[in-house]
Each structure stands twice: as C-alpha cells, then as structure tokens.
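The lines below spell out each chain.
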Amino acid sequence: MTVLDYIWMGVLAVFQGPESFSLLGLPVSITLVMILAGFLLGIMVGATPGMAGPVAMAISLPILISVFGYHPDALLPVVGFLIGIMKGATIGGAVPAVLFNTPGTPDAYMTTLDGYPMAQRGKAKKALRVAHLSSASGDTFSDIVLFVCAPFLAIFVEAYLDLPEKTALLILSLSFIAVVIGGSPAKGLISTGLGLLAVYIGTGEDFYPRLSMGTQELSRGFPIATSVLGVLIIGAVFKGLDELWHERRSKGAIAIVPDDGDQRLHWADIRRLSPYIARSAVIGTTIGALPGVGSTLAATLGYTLGKAQHDKRKTSDQTAFGNGAMEGIAATEAANSSVSGANLIPVLSLGIPGNAAAVFLILAMESIGGFNPGPSVFKFSADQVNTELVMAFGLFTAMVVANLLNWTIGGLFMRSMGVMIRIPKQILLPSVLLLTLTAIYVQETRIEAIWFALAFGVLGYFMRLLAISPLPFVIAFILGGRLEETARQAYSATGNDPFFLFNNPIAALFMAAAFGIVIFSTRKTKGAL
C-alpha cells in the first residue's frame, strides 16, 4: 500500500459510500448529502446572531448518532455533517457582523469594526463579497496545510512546547490581546481581568466551588454560552436599542441605509486585499495548529498586524482601519477562517482539540468508534491496510468537498444576504435577542442561564458605554479554564516548582514578552498623552 493508494481509498470512501439516492442513474453517496446538508445548516446558524457552529454541532451530534447508529459506516456521514456545519458557520458569521454590527460568532467581532461602517455607507454587499473571498481563501489555505503537514507540524509543536511553555504562551496571548485590542492598556487589562474572574466563579480543583457566596446557582459556574453570547450579542443588542431610542428622539424616525454605488469586487480590489489575506491566512493556520488557542485570537492578531501594515502604507484615498476599510474585513476573515483546517492538525495527530468545534468531532469519533485520533493514524503499512489512515483521507476529502461548496454556494449566499440590510432594526434587534436567549436555553435547559445571559448583556452594554472592548473579556473567559488546567499540570510535572514559568528558557522568553508588551504599551500611551 502506497500513499496514493490510501488517498484513493479515502476518496472512494466518500464518493462510493452507502447510497442515498440516484441522480441521472448515478448513485449519490449519503456522505456527500450530509456534507451539503451540514454546510447549509452551518451557513444559516453562522448568519444568525446568537447561534454558533459548536452549538449546532452539539445539538446535531446525538440526533445523528441515533439515526445512523454506531457502526463504522456511520462515521463519515456523521463527521461529514459536522464538518459541513463548521465550514458553513465560519463563512456565515460575517453576515450579522457586517449588516447589523452583531457578530454571529466571537471570532467575527473584529469584522464589525470595518464591516458595519461599510454597510452604513451603503456598501453592505461589497463588504460581504470581501468577507466571502477572504474567508474562502483562508480556509482553503489552511486545509492545504492540514493535508500536507498534519503528521509533521503537530509533532513539531508538541515536541517543543511542553506544559510550562504552553502556560506561558497562554499568558502572553492574554497580555497581547489586553493591551492591543482593549482600547487602552488599562481598559484591556480590566476587560481581561473581568473575563478571568467570571470563568473562575464556581470552578476549582476537586469540584470545590470558588467565589460562589454559598449559592447553588453560582457554584455551578457560568456556562460559556451565557457569558460569551451575553457580552457580545445581548450587550450589542442593548446598545443598539439604546441608540435607536436616541435616534428616534432626536430625528423622529429611524434611518435605513440604502445601497450606494458599485457593489462589485474588482481585480484592483483583489490585488489590494491579497497581502492582507495571505498574511492572515498564515497567522490563522499557525495559531490553529496550537491546541487550545482558537480563531478569536487568530482574528485579533490578523487584524492588529494588518492595521499596523495598513497604517504604514496608508495614502490619502484609503480608509483607515475601524472606519470601513476593506482590508480590515479581509485581515479578520482570512485569519479566523484559516483556523478551521489547522485545528484538525492536533486533533488527528495528537487527539487534542484545538477549539470547540474540534471537540465535537472527537466526540463523534469516540462515540461511533473505528477511528482513534493520534500518532497511529499516520502510520503507513505496506502489508495490511491501516483503516484509520483511510478514514483520515476520507475526512480530508470531506473537507475538500465542503471547500468547493464554500466557493460556490457560499458566494451566492453572501451576495444574497445583502437584502437583509433593509430589515428595520426595531424589528430585527428584538428578534436577535429572542433567538439568542432561545439558543442559550436550548443548550443549557435551565432558567438561571437566561438570567446569567441578561446580566452579562448588561455588563457588555456598560463596557461599550465606557469604550471598553468586550473582546479581551471573551478571550480570557474562553482561555481561562485552559490556562488554569495547564498551569496545574505544569506545576505538578515540574515537581511543584513555583518558578516553573521562569526556569524553562522558552517559557521565560514568553513571560518576558508578556511583561514587556504591557510595560511598553503603558509607556507609549503615557507618552501620547
């Protein structure tokens, strides 16, 4: 068995699997149908504020297993459906960010900074075209890296980043996000601190609740859906309703922005955007290969580095980042989309999920059986067939099919969604609030989750009033649990050494960079004043 034999067997497993129906006398594999169905569902979920790909995957997985069962033939259809959701939600998340200033997913928050101002200038459809081009390009690049480098890149990362280094890397990431995105170093650190405080309420070693004040509700902690969706979505809805109220009082009516000018994406535009897309695709792919560091961080880094480059080369006829620059949308969408493929590098090579979506892919593999992610997957055997390697190439084929759907159906969808800008906000915003609360309750099924989400929504509202970015809060909440777990493991593995972050050269370098970026940014801010 050669490599080409395994690749071909993986392709046939997708295209010649169990038949769903016949089209013009040709059998259509159930796996292809499930990839298409998952992709369409993912687009709708991603374009719906308050929903996200992992939420849809969590709801779909038990239903899929009950339908297909636990036999090996069910693995590709089930995982194909989940991959379709992951791909569709990635591109769909830009729609509400551009049209309504409400990110469909946390990593689409940076898209609002330039997408919504473009929509307000009557360029909503063009902004969506930029988002689609960048998202599809970044996703395709990431998948190519996955196919070529999965056995090598993940093993390299795991060999050079042990527990102390991973802990220091997470601290460096949080420090960087706080001072760069928080509006100012002080505001960013406040936002990050609030996120860490929230994630540690009710959690602790041996299930001992912390900071719960003796209440049963807080002892269970805050679900991630209530905090992230509350601060990002509900907070934005509250702020939008407040602005509508002031607009109606001052003007007597609520303005609707019509389409204005040329909405097409020309070759000159593509040439301008290409450097930003390429840079962010590399950033997102690199970050996606690191377990536990997800697309929100990639979007932030892509946007920040793109902004720095744009400020250096900016001419008088170019729009600044944050005011409706196409380059800002391209830098963000290429970065967060390129994470999806690279996130499967640690999944397939090490069995470690890189983000929430990858968690459900692993759950599907473990539940159905026949595929155990890890180093043994990529062992080539000449005398007998490695079925797990065949399944890995089947997953690669499913991702290629989803990418083709992304370039075709995804483009049609993004162009058609421009009509949603005509929906009056006084109707849309309450609908978004209802959908968000429904999604939270479906995932948590307890009334306290609704109250938590509304409380986090109020927090997000006041953060926006005070010009404090909610993004450091969200990243800190997502990474906080991982940071504590990694730090505990590193402390134990180093023989309870309290200085484990400084005794290792790479970890010490990361920590020095974390302190340095905070001090440098603080001094730079004082100098500007």
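Below is a short write-up of the structure. (Residues numbered from 1 in each chain as written. Predicted model: local features only at pLDDT ≥ 70, side-chain atom pairs only at ≥ 80, totals over all residues. Heavy atoms only, no water.)

**Points about the packing of aromatic side chains**
Line of reasoning, step 1. As enumerated under the stated definition, the model contains 6 aromatic pairs in all.
Line of reasoning, step 2. Residues phenylalanine 393 and phenylalanine 396 carry aromatic rings whose centres are separated by 5.7 Å and whose planes lie at 85 degrees to one another, so their mutual orientation is edge-to-face. Taken together, the residues span about one helical turn, with phenylalanine 393 and phenylalanine 396 both in helix H18 (residues 387-416) at a distance of 3 residues.
Line of reasoning, step 3. Under the relative-accessibility criterion, phenylalanine 393 is labelled buried at 12%. (Phe/Tyr/Trp six-rings, centres within 6.5 Å; stacked < 30°, edge-to-face > 60°. Helix = DSSP H or I, 4+ residues; strand = E, 2+ residues; numbered from the N terminus. Buried < 20%, exposed > 50% of the residue type's maximum accessible area, 1.4 Å probe, protein only.)

**Structural notes on unusual backbone geometry**
Line of reasoning, step 1. In this structure, alanine 467 is a non-glycine residue whose phi angle is positive, near 60 degrees.
Line of reasoning, step 2. Positionally, alanine 467 belongs in the loop between helix H20 (447-465) and helix H21 (471-493).
Line of reasoning, step 3. The phi dihedral of asparagine 496 is positive, around 60 degrees, even though this residue is not glycine.
Line of reasoning, step 4. As for its placement among the helices and strands, asparagine 496 is situated in the loop between H21 and helix H22 (500-503).

**What about the packing of helix H2 (residues 30-46) against helix H4 (residues 75-92)?**
Line of reasoning, step 1. Look at H2 against H4: their axes get within 6 Å of each other, and the N-to-C directions meet at 30 degrees. When the axis of H2 is compared with that of H4, the two are roughly parallel. Between H2 and H4 the crossing geometry is right-handed. Within the contact between the two elements, H2 uses Ile30, Thr31, Met34, Ile35, Ala37, Gly38, Phe39, Leu41, Gly42, Ile43 and Gly46 and H4 uses Leu76, Pro77, Gly80, Phe81, Gly84, Ile85, Lys87, Gly88, Ala89, Ile91 and Gly92. (Axes fitted to C-alpha atoms, helices over the stretch in contact; angles between N-to-C directions. Parallel < 35°, antiparallel > 145°, perpendicular 65-115°, else oblique. Left-handed = near helix turned anticlockwise from the far one by under 90°. Contact = heavy atoms within 4.5 Å.)

**Re the pattern of salt bridges**
Line of reasoning, step 1. A full pass over the atoms with the stated rule returns 6 salt bridges.
Line of reasoning, step 2. For aspartate 143, the salt bridge goes to lysine 87, with nearest N and O atoms at 2.6 Å. Residue aspartate 143 is located in helix H7 (residues 124-160), and its partner lysine 87 is located in helix H4; the two are separated by 56 residues in the primary sequence.
Line of reasoning, step 3. Since its relative accessible area comes to 1%, aspartate 143 is described here as buried.
Line of reasoning, step 4. Glutamate 327 serves as the salt-bridge partner of arginine 272, at 2.6 Å between the closest nitrogen and oxygen. Highlighted residues: arginine 272 in helix H12 (residues 267-288) and glutamate 327 in helix H14 (residues 326-337), separated in sequence by 55 residues.
Line of reasoning, step 5. A residue is classified by how much of its surface remains accessible, and arginine 272, at 36% relative accessible area, is partly exposed.
Line of reasoning, step 6. Judged by its relative accessible area of 2%, glutamate 327 is buried.
Line of reasoning, step 7. Each of the salt bridges in this network shares a partner with another, and the network as a whole consists of Lys87, Asp139 and Asp143. (Salt bridge = Lys/Arg side-chain N within 4 Å of Asp/Glu carboxyl O.)

**Here we look at the packing of helix H6 (residues 109-120) against H14**
Line of reasoning, step 1. Orientation of H6 relative to H14, taken along the N-to-C sense of each, is 145 degrees, at an axis distance of 8 Å. In the crossing of H6 with H14, the sense of the turn from one axis to the other is left-handed. Contacts between H6 and H14 involve Met110, Thr111, Asp114, Gly115 and Met118 from the former and Met326, Gly328, Ile329, Thr332, Glu333 and Asn336 from the latter.
Line of reasoning, step 2. Of the residues contributing to the contact of H6 with H14, the split by class is 4 nonpolar, 5 polar and 2 charged. (Nonpolar A, V, L, I, M, F, W, Y, C, P; charged D, E, K, R; others polar.)

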